[in-house]
Amino acid sequence: MAVQQVPAMSVIVITPDSYSTVRNTVRQLRAQSVSHQLEIVLVVPSAQGSNIDRAELDSFCGIQIVEIADMTSTARARAAGVQRATAPVVAFVEDHSFPAKGWAEALIQAHRQPWAAVGPMMANANPHSLVSWANLIIEYAEWMEPVPAGVAEHLPGHNGTYKRALLLEYGDRLEAMLEAESILQWDLRAKGHQLYLEPAAKTYHQNFSAPFSWVALRLDGGRLFAASRARTWSPLRRLLYAFTAPLIPLVRFRRIVGELRRPGRARHLMPRVLPLLFAGLVVDGTGEMIGYAFGVGNAMRKLSD
């Protein structure tokens, strides 16, 4: 009797509509040197209506198809994927983030250590747009190439990998913890766990380049983060943070500029990208102010769209 191989890592892939949306990401996963050790957990609104190309999934260690009829929350979809995964490590990927060669092998190797989470190095998949650079910098400046390996306080959201057992400990709270992964990572560190950044695992992130779409992304992203962070706060504390939110863009701008000045970073972009960068941070900070004051609203649905 053949012994079924246990996957080393489950990769959770979400599509809001059809398989074609995530085809490029899946192809990058197929190109990994250890693709035979990967389980693909494909979260779809309907298995029958998603036109899944099963021939492209044959080379993986295993396939799980998870149906979520309501795709208005990516956090709910990722939590459902975690529940169905069977590997000891789960990886979150995006339909607009494409793992480079060696990504999976480096993450699996790093997770042989007791790290609770391991994150990849981020690179720009559409570098010919200043709006794209501004978005990448706002979201991922700490982890942009080049960056050294080591224990980290924070890892890139939506692209991290976690010990599955630690995620399952959150039970019914997992969806809420995945709404803004910063909250999850802070909680893991508060419990004594460590996070690790592995630059040998690189992913190319495609960013919004249309200005109006980018502004909406920054506003709703800031609101979702603040609402998730303040979920258990008292009304007084939420109000205090709402009043101080206008200072957030200044603090973040100074920190991000410091990141851009590190050796090897795209310094040549700084004179041109700084105005866009600051404008994006102001919109993001406005979203945070709204989130602290009025809660999440429909930010998650808009972001999922």
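Our subject is the structure that appears above.
To start, this report covers the structure provided alongside it. The numbers attached to residues start from 1 for each chain and follow its sequence in the written order. Per-residue local features of the predicted model are confined to residues with pLDDT of at least 70, and side-chain atom pairs are confined, for both listing and counting, to 80 or more; whole-chain, interface and lining totals are unaffected and use all residues. For side-chain calculations, the full set of non-hydrogen atoms in the structure is used, while hydrogens and water are omitted.

Observations regarding the packing of aromatic side chains
Any two rings among Phe, Tyr and Trp, with Trp reduced to its six-membered ring, count as a pair given centres within 6.5 Å; such a pair is stacked if its planes are under 30 degrees apart, edge-to-face if over 60, and tilted if neither. Under the counting rule described, the total for this entry stands at eight aromatic pairs. Measuring from ring centre to ring centre gives 5.7 Å for Trp233 and Tyr292, while their planes differ by 5°; the resulting arrangement is stacked. Taken together, the positions of Trp233 in the loop between α8 (211-229) and α9 (235-244) and Tyr292 in helix α11 (residues 270-294) put the pair 59 residues apart, joining distant regions of the chain. Accessibility assignment for this pair places Trp233 and Tyr292 in one class, buried. An aromatic cluster is present here, built from Trp233, Tyr241 and Tyr292 joined pairwise through their rings. In this structure, Arg78 packs its charged tip against the face of Phe92, placed 5.4 Å from the ring centre. The residue whose ring lies beneath Arg237 is Trp233, and the NZ or CZ to ring-centre distance is 4.0 Å. Helical segments are the DSSP runs of H or I of at least four residues, strand segments are the runs of E of at least two, and each set is numbered from the N terminus. Each residue gets one of three labels from its accessible area relative to the maximum for its type: buried under 20%, exposed over 50%, partly exposed in between, using a 1.4 Å probe on protein chains only. Two conditions define a charge sitting above a ring: the NZ of Lys or the CZ of Arg must be within 6 Å of the ring centre, and it must be within 35 degrees of the ring normal.

As for the pairing of strand β6 (residues 117-124)
The buried fraction of β6 is high, at eight of eight residues. As paired strands, β6 and strand β8 (residues 161-163) are joined by two bridges and run antiparallel to one another. Bridging across to β8, Val118 finds its partner in Thr161. Two strands are counted as paired when DSSP detects at least two bridges linking them.

Notes on the environment of Leu260
By the element assignment, Leu260 lies in helix α10 (residues 248-260). Residues Leu260 and Glu142, spaced 118 residues apart in sequence, show a C-alpha to C-alpha distance of 8.8 Å. Ignoring any residue separated from it by four or fewer positions in sequence, one finds Leu260 in contact with Ile137, Met144, Arg265, Arg267, Met270 and Leu277. Every residue pair with non-hydrogen atoms within 4.5 Å of one another is taken to be in contact.

Some points on the packing of α8 against α11
It is at 7 Å that the axes of α8 and α11 come closest, and there the two elements cross at 40°. The angle between α8 and α11 falls in the class oblique. Considering how the two elements wind past one another, α8 and α11 form a crossing that is right-handed. Residues Trp214, Val215, Arg218, Leu219, Gly222, Arg223, Phe225, Ala226, Ala227 and Arg229 of α8 pack against Leu276, Gly280, Val283, Asp284, Thr286, Gly287, Glu288, Ile290, Gly291, Tyr292 and Phe294 of α11. Classifying every residue of the contact of α8 with α11 by side-chain character gives eleven nonpolar, five polar and five charged. Axes here mean lines fitted to C-alpha atoms, for a helix over just the part in contact, with angles spanning 0 to 180 degrees between N-to-C directions. Note that the term roughly parallel is reserved for angles under 35 degrees, roughly antiparallel for angles over 145, roughly perpendicular for angles of 65 to 115, and oblique for everything else. Note on convention: the crossing is left-handed when the near helix lies turned anticlockwise from the far helix by less than a right angle, right-handed when the turn is clockwise. Charged residues are taken to be Asp, Glu, Lys and Arg, nonpolar residues to be Ala, Val, Leu, Ile, Met, Phe, Trp, Tyr, Cys and Pro, and polar residues to be all remaining types, Gly included.

Regarding a nonpolar patch on the surface
On the surface, a cluster of nonpolar side chains totalling about 420 Å² of accessible area is made up of Leu247, Leu250, Val251, Phe278 and Val282. Within the residue set of the nonpolar patch, elements represented by two or more residues are α10 and α11. Structurally, the position occupied by Leu250 is in helix α10. A patch is a set of surface residues, each over 30% in relative accessible area and not in a salt bridge, joined within 9 Å for like charges and within 5 Å for the nonpolar side chains Val, Leu, Ile, Met, Phe, Trp and Tyr. Working definition of accessibility: Shrake-Rupley area with a 1.4 Å probe, residue cover restricted to the visible protein chains. Salt bridges are identified by distance alone: a Lys or Arg side-chain nitrogen within 4 Å of an Asp or Glu carboxyl oxygen.

Here we look at the pairing of strand β2 (residues 38-44)
Taken residue by residue, a regular strand's side chains alternate between the two faces of the sheet. In terms of residue burial, β2 counts as a mostly covered element, since seven of its seven residues are buried. As judged from the six bridges shared by strand β1 (residues 9-14) and β2, these two strands associate in the parallel manner. Across the sheet, the residue bridging to Ser10 is Glu39, located in β2. For a crossover, the right-handed case is the one in which the path from the first strand over the helix to the second runs clockwise, viewed with the strands pointing away from the viewer. Crossover connection from β1 via helix α1 (residues 23-30) to parallel β2: handedness right-handed.

Some points on the pattern of salt bridges
Enumeration according to the criterion identifies 14 salt bridges in this entry. Note that Asp53 is salt-bridged to Arg23, the shortest N-O span being 3.3 Å. One end of the pair, Asp53, is in the loop between β2 and β3 (62-67); the other, Arg23, is in helix α1, and 30 residues separate them in sequence. Judged by relative accessible area, which is 25%, Asp53 ranks as partly exposed. A relative accessible area of 22% means that Arg23 is categorised as partly exposed. Residue Glu259 is joined to Arg262 by a salt bridge in which the shortest nitrogen-to-oxygen separation is 3.0 Å. The exposure class assigned to Glu259 is buried, which follows from its relative accessible area of 16%.

Structural notes on helix α3 (residues 103-110)
By the criterion of burial, α3 is predominantly enclosed, with six of the eight residues buried. For α3, the full list of buried residues reads Trp103, Ala104, Ala106, Leu107, Ile108 and Ala110.

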